[in-house]
Each structure stands twice: as structure tokens, then as C-alpha cells.
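For reference, the chains in residue letters:
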Amino acid sequence: MKLWVNGGLRDADAATISVLDHGLTVGDGVFETLKTVDGKPFALDLHLDRLVRSARGLGLPDPDLDEVRRACAAVVEANPVRLGRLRVTYTGGLSPLGSDRGDSGPSLVVALGEVAHRPDTTAVVTVPWTRNERGALTGLKTTSYAENVVALAWAHRQGASEALFANTVGQLCEGTGSNVFVVVDGGLHTPPLASGCLAGITRHLVIEWTGAQETDLPLDVLRTADEIFLTSTLRDVQAVHRVDDRELPAAPGPVTAKAMRVFAERAALL
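This report concerns the structure included in the present document. Fair warning: this is a prediction, and the values are worked out from it, not measured in the lab.

1. Details of the overall build of the protein chain
Phase 1: Within the protein chain, the secondary structure is distributed over seven helices and 15 strands.
Phase 2: Along the first, second and third principal axes, the C-alpha set of the protein chain runs to 55 × 40 × 35 Å.
Phase 3: In the protein chain, which comprises 270 residues, the share counted as buried stands at 49%.
Phase 4: Restricting the contact set of the protein chain to residue pairs at least 6 apart, pairs at least 24 apart contribute 67%.
Phase 5: Within the structure as shown, the protein chain displays about 12600 Å² of accessible surface, and the carbon and sulfur contribution to it stands at 53%.

2. Topic: helix H3 (residues 65-78)
Phase 1: Between its first and last C-alpha atoms H3 spans 20 Å; for 14 residues at 1.5 Å apiece the expected length is 20 Å, and the two agree.
Phase 2: Of the positions making up H3, those classed as buried are Val68, Ala71, Cys72, Ala74, Val75 and Val76.
Phase 3: Between the side-chain oxygen of the N-cap and the backbone nitrogen of Asp66 there are 3.1 Å, and the N-cap of H3 in question is Asp64.

3. Here's the deal with helix H4 (residues 146-157)
Phase 1: Here H4 is 12 residues long and its end C-alpha atoms lie 17 Å apart, about the 16 Å a rise of 1.5 Å per residue gives.
Phase 2: All of the buried residues along H4 are Asn148, Ala151 and Ala155. On an axial view of H4, the arc spanned by its buried residues comes to 70°, and they lie on one face. Exposed side chains of H4 directed beyond 90 degrees from the buried face belong to Ala146, Val149 and Arg157.
Phase 3: Looking at the buried residues of H4, the elements they touch are strand E7 (121-131) and strand E8 (162-167).
Phase 4: Looking one or two residues beyond H4, the residue adopting positive phi is Gly159, at roughly 75°.

4. Some thoughts on the packing of aromatic side chains
Phase 1: In the structure shown here, the tally under the stated rule is five aromatic pairs.
Phase 2: A ring pair is formed by Phe181 and Phe229, whose centres lie 4.9 Å apart and whose planes are at 10°; its orientation type is stacked. Of this pair, Phe181 sits in strand E10 (residues 179-184) while Phe229 sits in strand E13 (residues 227-232), and the two are 48 residues apart along the sequence.
Phase 3: On the accessibility criterion, Phe229 (0% relative accessible area) is buried.
Phase 4: Members of the aromatic cluster, each reached through a chain of ring pairs, are Phe42, Trp209 and Phe263.
Phase 5: Over the ring of Phe42 we find Lys35; its NZ or CZ atom is 5.0 Å from the centre of that ring.

5. Some words on the layout of surface pockets
Think of a ball as big as a water molecule: rolled over the atoms, this probe shows where empty space is left.
Phase 1: Reported here for the largest pocket is a volume of approximately 1000 Å³.
Phase 2: In this structure, the largest pocket is lined by 44 residues; those nearest its centre are Lys141, Tyr145, Asn148, Thr176 and Gly177.
Phase 3: When residues of the lining of the largest pocket are traced back to their parent elements, those giving at least two are strand E3 (29-37), helix H2 (44-58), strand E5 (83-91), E7, H4, strand E9 (172-175), helix H5 (201-210) and E13.
Phase 4: Here the lining of the largest pocket gets four residues from one element, more than from any other, and that element is H4.
Phase 5: Its residues assigned to classes, the lining of the largest pocket comprises 11 nonpolar, 22 polar and 11 charged.
Phase 6: Estimated volume of the second largest pocket: approximately 650 Å³.
Phase 7: Taken together, 25 residues form the lining of the second largest pocket, with Lys35, Val37, Asp236, Phe263 and Ala267 sitting closest to its centre.
Phase 8: Looking at the lining of the second largest pocket, the elements that each hand over two or more residues are E3, strand E4 (40-41), H2, strand E14 (236-243) and helix H7 (254-267).

6. Concerning the side chain of Thr233
Phase 1: Tracing the backbone shows Thr233 in the loop between E13 and E14.
Phase 2: Among the polar contacts listed, one links the side chain of Thr233 to the backbone nitrogen of Lys35, at a separation of 3.2 Å.
Phase 3: Discounting chain neighbours no more than four positions away, the residues touching Thr233 are Thr33, Leu34, Lys35, His47 and Thr202.

7. Focus: the sheet that holds strand E2 (residues 8-11)
Phase 1: The antiparallel open sheet is built from six strands, whose spatial order is E2-E1-E6-E5-E3-E4. Each of the sheet's edge strands pairs with one partner strand only, and the pair in question is E2 and E4.
Phase 2: Two elements, E5 and strand E6 (residues 107-114), share eight bridges in a ladder whose sense is antiparallel. By the bridge assignment for E6, Val88 is matched with Val110.
Phase 3: Across the sheet, H2 lies against E3, E4 and E5, angled at about 170° from E3, the strand it touches most.

8. A word on the packing of H2 against H3
Phase 1: It is the contact of H2 with H3, at a shortest axis distance of 11 Å, that shows an interaxial angle of 135°. Looking at the two axes, H2 sits oblique to H3. Our pair here, H2 against H3, has a crossing hand that is right-handed. Counting all contacts with H2, which are made through Leu44, Asp45, Leu48 and Val52, the residues of H3 involved are Leu65, Val68, Arg69 and Cys72.
Phase 2: Counted by class, the contact of H2 with H3 contains six nonpolar, no polar and two charged residues.

Quick notes on the rules
- Here, residues in each chain are numbered from 1, in the same order as that chain's written sequence.
- Residue-level local features of this predicted model are given only where pLDDT is at least 70; pairs of side-chain atoms are given and counted only at 80 or more, and the full residue set underlies all totals for whole chains, interfaces and linings.
- Side-chain metrics rest on all non-hydrogen atoms present in the structure, leaving aside hydrogens and water.
- Secondary structure elements are defined from DSSP: runs of H or I of at least 4 residues count as helices, runs of E of at least 2 residues count as strands, and each element is numbered from the N terminus.
- Only protein chains enter the area calculation, which uses a 1.4 Å probe; residues under 20% of their type maximum are buried, those over 50% are exposed, and those in between are partly exposed.
- By the convention used here, residues are in contact when the closest approach between their heavy atoms is within 4.5 Å.
- Each accessible area is a Shrake-Rupley result for a 1.4 Å probe, and residues are judged covered by the shown protein chains and nothing else.
- To estimate how far a helix should extend, the number of its residues minus one is multiplied by 1.5 Å.
- Polar contact is the term for a pair of N or O atoms within 3.5 Å; when the atoms are in protein, one must be able to donate a hydrogen and the other to accept it, and sequence-neighboring residues count only if both atoms are side-chain atoms.
- It is the directions from the helix axis to the C-beta atoms whose arc is reported.
- Ring pairs are drawn from Phe, Tyr and Trp, using the six-membered ring of Trp, whenever the two centres fall within 6.5 Å, and their geometry is named by plane angle: stacked under 30 degrees, edge-to-face over 60, tilted for the rest.
- A ring has a charge above it when a Lys NZ or an Arg CZ is no more than 6 Å from the ring centre and no more than 35 degrees off the ring normal.
- Here a cavity means grid points, on a 1 Å grid over the protein atoms only, where a 1.4 Å probe fits yet cannot get out; a pocket means an open set of points with protein on both sides within 12 Å along at least five of seven lines; lining residues are those with an atom within 4 Å of a point.
- Grid points are joined across faces, edges and corners, and a volume is the space filled by probe spheres set on the points.
- For this classification, Asp, Glu, Lys and Arg are treated as charged, while Ala, Val, Leu, Ile, Met, Phe, Trp, Tyr, Cys and Pro are nonpolar and the rest, including Gly, are polar.
- A pair of strands is treated as paired once DSSP finds two or more bridges between them.
- All axes are obtained by fitting lines to C-alpha atoms, using only the stretch in contact for helices, and the reported angles, taken between N-to-C directions, cover 0 to 180 degrees.
- In this scheme, roughly parallel covers angles under 35 degrees and roughly antiparallel covers those over 145, while 65 to 115 is roughly perpendicular and the rest are oblique.
- Two helices crossing with the near one rotated counterclockwise from the far one by less than a right angle form a left-handed crossing, whereas a clockwise rotation gives a right-handed crossing.

What follows is the structure, given as C-alpha cells:
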């Protein structure tokens, strides 16, 4: 495997950054994950737009998008895979210990790994922790991801592939790495950004292509919704067949199946 690290391609065993990089010491960084299909990154422009928004939200300088594009192209060419996870990580760079940033400039790392296709359906669980819809990092895709690591481990111990959060006022929010949609009385709904969820790229496209509504939803909607599905760059649209102890044996239901079909058709044209 070859990775891009601060200006050039490196072999994996030589792809290093300082142990004093602010992304490592305090989680001061942002990232994007996007899929590649036969060497083509999916929705790269949308992901880079969000990378810039996240960087600005942390007070980092805007990333050089020309360099990021070169890095992505070089890494994809150097690591040919059928289906890949392309990760762009942009951090505060070499800094003193503590929360203050140094003046050495940001670090940029781009890596690609091969992944398998996800199944059409999956199980999810709710967790006893909440998303803070009013936090300083709300809506930013940052490298401060330990909360998601803990929640995802909780889900895996219960035979699920994803954990779903409520926010601090008990509304349905998001998963550790996905957005959630529900079907209620035939209508397709997803939590609004004000709930504290990330503005997922796949979420955005599904809303645009299906007419889904952004709606404040109680967490308990998961107990009564006719259908539930997740969206993310590697899941695309993935039906939920179990949430906690509730089975949805007909998954994917008709609305979800249509969303899966529409997404596959439209995404192939991007």
C-alpha cells in the first residue's frame, strides 16, 4: 500500500507523521471518507466542500484542494482496487503538547483500503449516550472519534453493525458513521441538521433524489416506523432488519427498496 503524506507518496511502512501532530495528541483534525469504484472517487467535490467546512469550523486554514485532488488521484492510481475506502485526513500539524496549535502548518494524509460490499440489510441498536446538538464540534467531521468507537463496540457486542444516538432532548439523531431514515405512514423522513447529525453526503443525495423530508423525530419512532434505513458513503442505502429487540422481517420494505434503486441508478451517473 502507498499513502500520501505531506506532499508525496510513501510506502506504508514509511508513511509517518510526528507523534506530536495535533491530530494525534488532541484530535485536532478533520477527515473525509469516500468510496472509490474501479478507481473513481464518488462525489469527490461534495466531500471536499465538506472538508473545507469542517476545517473552518475548527479554525484550521483552508486545505489546498488542488493538492488534495492530486493526492487522491495518486493514491487511487497506486492502489488499484475494485471497491475502496478513500480517507483524507487533515490535521493541525506539528504542535506543542496541549491544546495550543503550533505554527508548522497542517498535515495531510490520504490513504486507500479495499472494502467488501455491504449486505442489503443490517441490525442496529440504540445506545445510552447522546449527541450534543449544541456542541462546538456539532456538524463537523473531526478526528475526535472516540465517542463513536465506544458506541460502535457496544453495537458489535449485540450483533449489530451500527449504533444510533438520540440528542440531548431525546430526538433521533444519527449513527456513529451513518445517517438514519424512517418511513412513517408512507412518508420518508430523516432528522434535520439541527438535531446535531452530520450533513452526510449520501444523506444529501437521498433527500434530493427521493424527496425525503427533514423532520424532528423522537427516538421512539424506531419502535413504530414501518421501515428504517441507513445511509453512508460505504453503505449507500442499507435497510435495517432489526433495531434493538424489534424485528422488521420485511426489510427492505417498498419505500426503502425504491430508495435503494433510485440511488444506485442516479449514483452511476455521477
